[in-house]
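# Notes for the structure review
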Amino acid sequence: MFGFGRGVSFTADDIPSLKGKVILVTGGNSGLGRQSVLDLAKHEPTLIWLAARGLARAQAAIDGILKEAPGATIKPLDLDLASFESTKCAARRVLDESDRLDILMLNAGIMMTPPGLTKEGYETQFGTNHVGHALLTKLLLPLLLKTAEAPGSDVRVVSLSSMGYQLAPGKTIRFETLKTPAEGIMSMTRYGQSKLANILFATEMARRYPQIKTVAIHPGVVASNLANTFSQSNVLLGPFTWVFQTLVATPVAKGVRNQLWASVADGVKSGQYYTPIGNDGQMDASARSEELAGKLWEWTEKELEGQTI
């Protein structure tokens, strides 16, 4: 399932100067998001927006990061991707306070949560992992396009997916389930559906907006906090998950490299899906389907009609 090739050599030390760049990282308060902010902050970007559910969480993460990257300019951003109103407020603040946006890292996500609905009535994992990020991207798109017009610009959108996309039900998107709790679908399968959507969204955005380099990535099996909900709620498999994350999974400081590479390195091709580090060609037929990507894009656009700021 994990099928990685040799890839490229890349560490945080290989990040080039980011002077003049503005960056936004969702889920930046912990795990891969926090590590991304920390590693990028050491290369002198003009500003990093650290988005998290709640300003207190965001500020606490910033306080810790500044101890390791003193002098970095990082702003907290309150962002709950399961709420359209929160997402619109976050986008409005970015547009009000930033005149450019060079890197949008769609890092936040939830995994294997119990059946439920977001505030707007979407299946929880799909609504958070795909719909919320799609709305944020839609609202920030004018700023991304404006930045892309500047001479020498290199605007990128990096969407964190997972090899778990292969667990999507029937290896497709079951559109009839997306506005239900989808109780008849296993939690991991619902997660796979949202991760397939992350890839399809990135590949379709790359086709529609060639000015922006848009890619999806799989970080690898990383010892982040993503599976905490599952570990805490599943009496039988929870302990196994903890042992696996502790003894087998890649540490966050290393697991972050693929998304950092995709955000800043040369050789990144828009519309691709990369496994660590920089390996393409790992998509199956479902993720490569232009028809399914187009259908998801149109469905998403319809759902987001009227959501403006």
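None of these values were measured; they are calculated from a predicted model. Sequence order sets the numbering: in each chain, residues are counted from 1 along the sequence as written. Reporting of local features is limited, given that this is a predicted model, to residues whose pLDDT is at least 70; pairs of side-chain atoms are given and counted only at 80 or more, and all residues count toward the totals for whole chains, interfaces and linings. Neither water nor hydrogens contribute to the side-chain values; these are computed over all heavy atoms in the structure.

A few words now on the layout of surface pockets. Of the volumes computed, that of the second largest pocket is approximately 260 Å³. Every residue lining the second largest pocket is counted, 16 residues in all, and those nearest its centre are Thr137, Lys138, Leu141, Tyr209 and Glu301. Runs of E in the DSSP output that reach at least two residues are strands. Runs of H or I that reach at least four are helices, and both are numbered from the N terminus. Counting only elements with at least two residues in the lining of the second largest pocket, the list comes to helix H4 (124-148), helix H5 (187-208) and helix H11 (290-303). Considering each element in turn, the lining of the second largest pocket owes the most residues, 6 residues, to H4. Within the lining of the second largest pocket, the residues separate by chemical class into 11 nonpolar, 2 polar and 3 charged. Here a cavity means grid points, on a 1 Å grid over the protein atoms only, where a 1.4 Å probe fits yet cannot get out; a pocket means an open set of points with protein on both sides within 12 Å along at least five of seven lines; lining residues are those with an atom within 4 Å of a point. Grid points are joined across faces, edges and corners, and a volume is the space filled by probe spheres set on the points. Residues are sorted three ways: Asp, Glu, Lys and Arg are charged, Ala, Val, Leu, Ile, Met, Phe, Trp, Tyr, Cys and Pro are nonpolar, and all the rest, Gly among them, are polar.

On to the nonpolar core, then. By nonpolar core we mean a set of buried residues, namely Ala, Val, Leu, Ile, Met, Phe, Trp, Tyr and Cys, connected to one another through side-chain atoms within 4.5 Å. For every residue, the accessible area (1.4 Å probe, protein chains only) is compared with the maximum for its type, and the residue is labelled buried under 20%, exposed over 50%, or partly exposed between those bounds. Formed by 53 residues in total, the largest nonpolar core has its most connected members in Leu24, Leu104 and Ile173. Elements with a minimum of two residues in this core: strand S1 (22-25), strand S2 (47-52), helix H3 (84-97), strand S4 (103-106), H4, H5 and H11. Any two residues having at least one pair of non-hydrogen atoms within 4.5 Å are treated as being in contact. If near-sequence neighbours (up to four positions away) are discounted, Ile173 is found in contact with Phe126, Leu178, Gln193, Leu196, Ala197, Leu200 and Leu292. Judged by nonpolar contacts, the second largest core, of 36 residues, contains Ala69, Ala262, Ala265 and Tyr274.

With respect to burial, strand S6 (residues 213-217) is a largely interior element, 4 of its 5 residues being buried. When the strands point away from the viewer, a crossover counts as right-handed if the path from the first strand over the helix to the second runs clockwise. Following the backbone out of strand S5 (residues 156-160), through H5 and into the adjacent parallel S6, one traces a crossover that is right-handed. In this structure, S6 lies alongside strand S7 (residues 273-274), joined through 2 bridges in parallel fashion. Bridge pairing in S7 places Ile217 opposite Tyr274. DSSP bridges decide pairing: two strands pair if at least two such bridges lie between them.

Where burial is concerned, the two faces of S1 agree: the one with Val22 and Leu24 and the one with Ile23 and Val25 are both buried. Summarising the sheet, S1 and S2 pair through 4 bridges and their orientation is parallel. Residue pairing for S2: Val25 is matched across the bridge by Leu50. The β-α-β motif built from S1, the intervening helix H1 (residues 31-41) and the parallel element S2 has right-handed crossover chirality. Bridge count between S1 and S4: 3 bridges; the pairing is parallel. Each bridged residue has a counterpart across the sheet, and for Leu24 the counterpart in S4 is Leu104.

Our next topic: the packing of aromatic side chains. Geometry of aromatic contacts follows a simple scheme: Phe, Tyr and Trp rings, the Trp one being its six-membered ring, pair when their centres are within 6.5 Å, and the pair is stacked under 30 degrees between planes, edge-to-face over 60, tilted otherwise. Under the defined criterion, the tally for this structure stands at 8 aromatic pairs. Summarising the aromatic geometry, the rings of Phe175 and Trp299 are spaced 6.2 Å apart at their centres and angled 55° between planes, so their arrangement reads as tilted. Of the two residues, Phe175 is situated in the loop between S5 and H5 and Trp299 in helix H11; the sequence distance between them amounts to 124 residues. The class for Phe175 is buried, based on a relative accessible area of 15%. A relative accessible area of 15% places Trp299 in the buried class. Members of the aromatic cluster, connected to one another through ring pairs, are Phe84, Tyr122, Phe126, Phe175 and Trp299.

Inspection of the secondary structure puts Gly132 in helix H4. If near-sequence neighbours (up to four positions away) are discounted, Gly132 is found in contact with Leu81, Thr87 and Gly127.

With respect to the helices and strands, the residue Ala60 is situated in helix H2 (residues 55-68). Sequence separation between Ala60 and Pro76 is 16 residues, and the spatial gap between their C-alpha atoms is 9.2 Å.

Here the focus is unusual backbone geometry. Of note, Glu44 is a non-glycine position whose phi angle comes to about 60°, a positive value. Its location among the elements puts Glu44 in the loop between H1 and S2.

Rolled over the atoms, a probe as big as a water molecule pinpoints where empty space is left. Applying the stated rule across the entire model yields 1 cavity of 30 Å³ or more. A volume near 40 Å³ is recorded for the largest cavity. In terms of lining, the largest cavity is formed by Leu106, Asn129, His130, His133, Ala134, Ser159, Ala197, Asn198 and Phe201. Elements represented by at least two residues in the lining of the largest cavity include exactly H4 and H5. Of all the elements, H4 adds the most residues to the lining of the largest cavity, at 4 residues. Looking at the lining of the largest cavity, its residues break down into 4 nonpolar, 5 polar and no charged.

Attention shifts here to the side chain of His43. Secondary-structure assignment places His43 in the loop between H1 and S2. Given the relative accessible area of 17%, His43 is considered buried. Counted as a polar contact is a pair of N or O atoms within 3.5 Å, where, for protein atoms, one must be capable of donating a hydrogen and the other of accepting one, and residues adjacent in sequence contribute only when both atoms are in side chains. Separated by 3.0 Å, the side chain of His43 and the backbone oxygen of Ile15 make a polar contact. In this structure, His43 is in contact with Ala12, Asp13, Ile15, Pro16, Ser17, Leu18 and Lys19, ignoring residues within four places of it in sequence.

Any functional reading would require information that these geometric values do not contain.
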